[in-house]
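# Fold and geometry: a report
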Amino acid sequence: MSCKQNGSGVKVKNSDNQWPMSGGPDGSWKLITSLQVPIKWSVRNNQNIKWKRALPEGGQSGIAVWEKKIFFTINPPLNTPPYSELKANYEYAKQEYDSIYNITFNNLLKNKASALRKVLLAKENALETWKAFLASNENYVKLSGKKKNAAYNKLLRQNEKGKAFTKASEDLVAFVNLSSKKTKSSFKKLNDALALMNTKGLSADIELYCMNADTGEILWTRAVKGNLPSDYNYGFSDSTTPCPITDGRHVWVINASGGMACFSMEGDLIWERTWMPTVGGPFNKQFDSVLYKDWILNVEPSEENDTTRVKGWNYLHGFNKYTGERLWVTKEAITHYNTPVLGETAEGKPAIMIGRGGPHKVPERPVGLSLISLDENNVGDALWNWEPEAPNKISGYGALNTQHWDKNKVSWIYKCEENLTVNSQTGKFIGQKPLNVVDQYIYDEQEQKYILKEGVKLENSENEFHCNMATNKYTFYMVMHQPFIARHNIETGKNEHLELPREINPDGSFVWKTPQKNDGLNSRGQLHSNDRRVLGDGFQRVFLGSPVMINNYIYFTNALGMVYVIDANAEKFDSTALVAVNDLGEKGETWTVNSLSFANGHIYHRTLKEIICIGE
C-alpha cells in the first residue's frame with residue numbers, strides 16, 4: 001500500500017507514506033493514495049481518534065511526519081496565570097473603583113460643583129459634536145453590525161472629533177481621580193489589573209517538538225532562535241508558521257522571525273543560522289517550508305552586501321541542507337504573503353511558482369508571477385515573468401495565495417472579482433472570468449434542504465478569498481466572512497457557492513447561519529494572543545491553513561476547527577459535494593490556522609490547545 005503524488009519528479013526521496021514538508025511529499029498539497037483515509041471523526045466525542053495530546057502553548061506550523069516521528073513547532077510557554085483568574089481580579093478592581101469613583105463624583109457635585117460642571121460641559125459638547133459627525137458620515141450610516149462597530153472604533157481613533165471626545169472623557173475621569181487619594185489609588189489598581197489581564201505573548205524564538213507518531217509521547221524538544229519578535233497566535237501568522245522539514249535523516253526548522261536550524265532525528269544540532277526578516281508592516285509571513293533535493297528553500301531579504309537586489313525586498317533563497325550555506329538567490333522578488341508551490345513544467349523540469357503584490361504597502365515589484373527554475377543548469381532563474389494590467393490594490397491580492405499551478409495553467413485573483421488564467425508554459429495571459437456572479441446553494445432551515453439561488457451578484461466582502469486549492473479545471477476557495485466554499489470553473493467561468501454549517505450540535509445536527517465564537521485560550525487557560533480576531537466566528541479575517549487534497553477529497557479547516565471534506569469531483573456543487581463536517585475540539589473552545597498532514601493511514605492536525613492523530 002502506498003501513496004504517490006502529482007509532479008513526482010520533485011518528490012522528496014523515499015517519502016512514500018510520509019509527510020516531509022508543508023505541502024506533503026512533493027509540495028503540491030495534493031496526494032493520491034491507496035491507503036484508507038479518515039473522512040469522518042470527532043475530537044470532542046473521541047470518535048475515530050487514535051490519540052491527542054495537550055500542548056503547553058499554541059503554534060501555527062504544519063506537522064512533518066516520517067515513519068514513527070512527527071515534528072512541529074510551538075511558541076515558548078509563558079508562566080502567566082490563567083485568564084479566568086486575571087479577569088476575576090480585574091472585575092473586582094473595576095467594581096471597587098466604580099464604587100469609589102461614584103462617591104467621589106457625588107462629593108464633587110456638592111463641594112466643587114462649578115469646577116466639575118465645567119469639565120462635564122466640555123465632555124457633553126464634545127459628545128454632541130461627535131454624534132453630529134457620525135450622523136453626517138454617509139459611509140458610516142450605511143453600515144450595520146460588526147462593520148459599523150469596527151468603523152466607529154476606527155473613526156474614534158483617527159478622526160479629530162473622535163479624538164476630541166476621547167480626550168474630554170479622559171479629562172473628566174482624571175479630574176475626579178485627582179480629587180481624592182483613594183480614588184487615584186483605586187484607579188492605579190484597576191490599570192494594573194488591566195495590564196496583567198492584557199499580558200500577551202511575544203517572542204523571536206520558537207520550540208521544535210518531536211513526538212512518537214503512534215502514541216503522542218514527547219521524544220525531545222529544541223529551541224530555535226530568531227531575531228524579530230512576533231506576537232503569539234497572530235491570526236495571520238507568527239514565528240511558528242513554517243512547517244518543519246524532514247527527509248528521514250535530518251529535520252530542519254524555519255523560524256519566521258529569522259532563524260533556521262538543522263537537527264538529527266535524535267535532536268542533535270547540526271547547524272543553525274539567523275537573519276533579520278523585513279519589518280515595517282504586519283508580520284504576515286505566509287511562505288512555508290520547501291525541500292527539493294539538497295536545497296532548503298526560504299523567503300528572506302537580500303544579504304547586506306548584495307548590491308544587485310533591492311534592500312527591503314524579499315527573494316527566494318536556496319540553502320545547502322547539510323551545511324546551511326546559501327547557494328543561490330532569485331533575481332525576481334517574492335512577497336512574504338505568498339506561499340510558493342513546487343511542480344514540473346510541461347518538459348518535466350522542476351520549478352517553483354512565486355508571486356508579488358498585496359496590501360499594507362508590500363514593496364516587491366512588479367506585481368505578478370514568476371516561474372523559477374530548479375533545474376541544476378539554471379537554478380534560481382526565471383523561466384518567465386507575468387504582470388497583470390490592473391494596479392496593485394486590485395491585482396495584488398492574487399499573491400495572497402497558495403500558488404497552485406500545473407503544466408498548463410496558473411490562476412491569479414483580482415481581489416474578489418475576477419479569476420485570471422496564465423499559461424504556465426509561456427507566462428502568457430489566457431483569459432479572465434468573473435467571480436462575483438454566483439449560483440448559491442443556500443440551506444433552508446425550515447425546509448431542511450439546500451435551495452438553489454441562481455445568478456446572485458456579490459459585492460466586496462461577500463466573496464472575499466480565504467484559502468484555496470486548484471485541481472484540473474476548478475479553483476476552490478473558502479469565502480472570508482461568509483460560511484461558503486466556492487467552486488470556480490476556469491474553463492466556463494461558472495461560479496458555485498455551497499453554504500456550510502457553522503457548528504455541530506451535541507445530537508449531531510448542524511448549526512446553520514448563527515455565528516459562533518471561541519475562547520482563544522491555550523490548554524492552560526491562558527490568553528496570549530494580542531489579535532482579537534482570534535475570538536472570531538470561524539470565517540473571520542485571518543489567514544487559514546492551506547487546504548489539503550487527498551485523492552478526490554479536499555479538506556478545508558476553518559478557524560474554529562471545523563473540517564469540511566469536499567468532493568472535488570462532485571457533478572453538482574450541492575449537498576452531494578459536502579462529504580463530511582468534523583470537529584477538532586470542544587465547541588467554543590477551539591481555534592486553529594493550521595494545515596493537516598497525512599501519513600501511514602492517519603491524519604495529523606492541531607489546534608491552539610492540542611495535537612491530534614486521527615484514524616484508529
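See above for the structure.
The present account deals with the structure reproduced in this document. What you are looking at is a predicted structure, and each value in this text was computed from that prediction instead of being measured.

### Some details on the nonpolar core
Trp41, Ile70, Phe72 and Tyr555 are the most contacted members of the largest nonpolar core, which totals 83 residues. Of the residues forming this core, the biggest block, 5 residues, is contributed by strand S35 (residues 562–567). With residues up to four places along the chain from it excluded, the contact list for Ile70 reads Trp51, Ile63, Ala64, Val65, Tyr209, Cys210, Met211, Ala213, Tyr604 and Ile611. In terms of nonpolar packing, the next biggest core, distinct from the first, is built from 50 residues, Met21, Phe236, Phe319 and Leu374 among them.

### So, the side chain of Ser373
Looking at the element boundaries, Ser373 is found in strand S20 (residues 368–373). Looking at Ser373, the relative accessible area reads 2%, which means it is buried. Reaching out from Ser373, the side chain makes a polar contact with the backbone nitrogen of Asp375 at a distance of 3.1 Å. At a separation of 2.7 Å, a polar atom in the side chain of Ser373 contacts the side chain of Asn378.

### Description of unusual backbone geometry
Cis peptide bonds are those with omega within 30 degrees of zero, and the linkage from Arg365 to Pro366 qualifies with 0 degrees. For Pro366, the location among the structural elements is in the loop between strand S19 (350–356) and S20. Of note in this structure, Lys293 is not a glycine but carries a positive phi near 50 degrees. Among the structural elements, Lys293 can be located in the loop between strand S14 (290–292) and strand S15 (295–301). If you check the backbone angles, Gln448 has positive phi at about 60 degrees while not being a glycine. Mapped onto the secondary structure, Gln448 falls in the loop between strand S25 (437–444) and strand S26 (449–457). Residue Gln448 is classed as exposed on the basis of its relative accessible area, which comes to 62%.

### A look at the packing of aromatic side chains
Scanning the entire structure with this criterion turns up 24 aromatic pairs. Judged by centre distance (5.8 Å) and plane angle (55 degrees), the rings of Tyr474 and Phe476 are tilted. Neither Tyr474 nor Phe476 differs from the other in exposure class; each is buried. With a centroid separation of 6.0 Å and 75 degrees between ring planes, the pair formed by Phe510 and Trp512 is classed as edge-to-face. One aromatic cluster in this structure is built from Tyr97, Tyr101, Phe105 and Phe187. Stacked on the ring of Tyr140, the Lys or Arg Lys148 has its end atom at 5.0 Å from the ring centre. Looking at Arg309, its charged tip hangs above the ring of Tyr315, at a distance of 5.9 Å from the centre.

### A short note on the pattern of salt bridges
Going through the model one piece at a time under the given rule, you end up with 24 salt bridges. With its nearest N and O atoms 4.0 Å apart, the salt bridge here joins Lys494 to Glu496. Given the relative accessible area of 43%, Lys494 is considered partly exposed. Salt bridges sharing common partners tie together Arg273, Glu300, Glu303 and Arg326.

### Examining the sheet that holds S14
Taken in spatial order, the 4 strands line up as S14-S15-S16-S17 in an open sheet, and their pairing is antiparallel. Either end of the sheet is taken by a strand with one partner, and the two such strands are S14 and strand S17 (326–333). Taking each pair of neighbouring strands and ignoring which way they run, the sheet shows an average axis angle of 30 degrees. Examined bridge by bridge, S15 and strand S16 (residues 314–320) share 7 bridges and lie antiparallel to one another. Following the sheet pairing, Val299 is matched in S16 by Leu316.

### Regarding the environment of Met469
Among the structural elements, Met469 can be located in strand S27 (residues 464–471). Discounting chain neighbours no more than four positions away, the residues touching Met469 are Trp29, Lys30, His404, Tyr474, Thr475, Phe476, Pro547, Val548, Met549 and Ile554.

### Here's the deal with the environment of Pro77
Mapped onto the fold, Pro77 is located in the loop between strand S5 (69–74) and helix H1 (83–111). For Pro77, a relative accessible area of 31% corresponds to the partly exposed category. Residues Pro77 and Glu57 lie 20 residues apart in sequence; the distance between their C-alpha atoms is 5.2 Å.

### So, the sheet that holds S20
The antiparallel open sheet is built from 4 strands, whose spatial order is S18-S19-S20-S21. Among the strands making up the open sheet, the edge pair consists of strand S18 (341–344) and strand S21 (382–386). On average, each strand axis in the sheet is tilted by 25 degrees relative to the strand beside it, whichever way the strands run. When S19 meets S20, the two strands line up antiparallel, connected through 6 bridges. Within the sheet, the bridge partner assigned to Arg356 lies in S20 and is Gly368.

### As for the packing of H1 against helix H6 (residues 181–197)
Two packed helices can be described by the angle between their axes and the distance between those axes. With their axes 8 Å apart at the nearest point, H1 and H6 run at an angle of 160 degrees to one another. In terms of orientation, H1 and H6 fall into the roughly antiparallel class. Of the two possible hands of crossing, H1 and H6 adopt the one that is left-handed. Residues Tyr83, Leu86, Lys87, Asn89, Tyr90, Ala93, Lys94, Glu96, Tyr97, Ile100, Tyr101 and Thr104 of H1 touch H6, and the partners they reach there are Lys182, Thr183, Ser186, Phe187, Lys189, Leu190, Ala193, Leu194, Leu196 and Met197. Its residues assigned to classes, the contact of H1 with H6 comprises 13 nonpolar, 4 polar and 5 charged.

### Observations concerning H1
Counted at 1.5 Å a residue, the expected span for H1 with its 29 residues is 42 Å, and the 41 Å between its end C-alpha atoms agrees. The set of residues buried in H1 consists of Tyr83, Leu86, Tyr90, Ala93, Tyr97, Ile100, Tyr101, Thr104, Phe105 and Leu108. Residues of H1 that are buried make contact with helix H2 (113–136), helix H5 (160–177) and H6.

Rules of the game
- Residues numbered from 1 in each chain as written.
- Predicted model: local features only at pLDDT ≥ 70, side-chain atom pairs only at ≥ 80, totals over all residues.
- Heavy atoms only, no water.
- Core = buried A, V, L, I, M, F, W, Y, C linked by side-chain atoms within 4.5 Å.
- Buried < 20%, exposed > 50% of the residue type's maximum accessible area, 1.4 Å probe, protein only.
- Helix = DSSP H or I, 4+ residues; strand = E, 2+ residues; numbered from the N terminus.
- Contact = heavy atoms within 4.5 Å.
- Polar contact = N/O pair within 3.5 Å; in protein donor to acceptor, adjacent residues only side chain to side chain.
- Phe/Tyr/Trp six-rings, centres within 6.5 Å; stacked < 30°, edge-to-face > 60°.
- Lys NZ or Arg CZ within 6 Å of the ring centre and 35° of its normal.
- Salt bridge = Lys/Arg side-chain N within 4 Å of Asp/Glu carboxyl O.
- Pairing = 2+ DSSP bridges.
- Axes fitted to C-alpha atoms, helices over the stretch in contact; angles between N-to-C directions.
- Parallel < 35°, antiparallel > 145°, perpendicular 65-115°, else oblique.
- Left-handed = near helix turned anticlockwise from the far one by under 90°.
- Nonpolar A, V, L, I, M, F, W, Y, C, P; charged D, E, K, R; others polar.
- Expected span 1.5 Å × (residues − 1).

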